[in-house]
Amino acid sequence: MHTPQTTPPPVRLLYRVQDAAEVLSLSRSVVFELLRSGRLRSVQEGRTRLIPYEALREYVASLEDVA
C-alpha cells in the first residue's frame, strides 16, 4: 500500500530576512523587494521583520504555478 508523502514540520515557524534568503537561495535585497511588492508575506515583532514558514511555501508554489 502506498502512503501519501507528508511534508515534515518546519524546523522553524518564522525566519529573519537573511535566513529566508538562504532558504530561497536569493539575496537579501531580492527578498526585501519581494516583501515590498507583496509577493512574499511577512510579520513584524518589535523592530524585527519575520517571514512565516507558510509564506515561503506559498511563494515557491506561486513560482511553480507560473512555470
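Being a predicted model, the structure only gives us computed values, none of them experimental.

Enquirer: Whenever I open this one, the pairing of strand S3 (residues 48-52) confuses me. Can you help?
Expert: It is a general feature of regular strands that their side chains alternate between the two faces of the sheet. By the bridge criterion, three bridges tie strand S1 (residues 14-16) to S3 in an arrangement that is antiparallel. Within S3, the position partnered with Arg16 by the bridge is Leu50. Inspection of the sheet shows strand S2 (residues 43-45) paired to S3 by three bridges, in the antiparallel sense. Bridging from a neighbouring strand, Glu45 pairs with Thr48 of S3. Taking the residues between adjacent antiparallel strands as the criterion, S2 and S3 are bridged by two residues, where Gly46 takes a positive phi near 65°.

Rules and cut-offs
- Throughout this document, residue positions are counted from 1 along each chain, in the order its sequence is written.
- With the structure being a predicted model, the display of local features is reserved for residues of pLDDT at least 70 and the display and counting of side-chain atom pairs for 80 or more, all residues being used for whole-chain, interface and lining totals.
- Note that water and hydrogens are dropped before the side-chain values are worked out from all heavy atoms of the structure.
- When DSSP finds two or more bridges between two strands, those strands count as paired.
- Each helix is a run of H or I in the DSSP string that is no shorter than four residues. Each strand is a run of E no shorter than two, and both are numbered from the N terminus.

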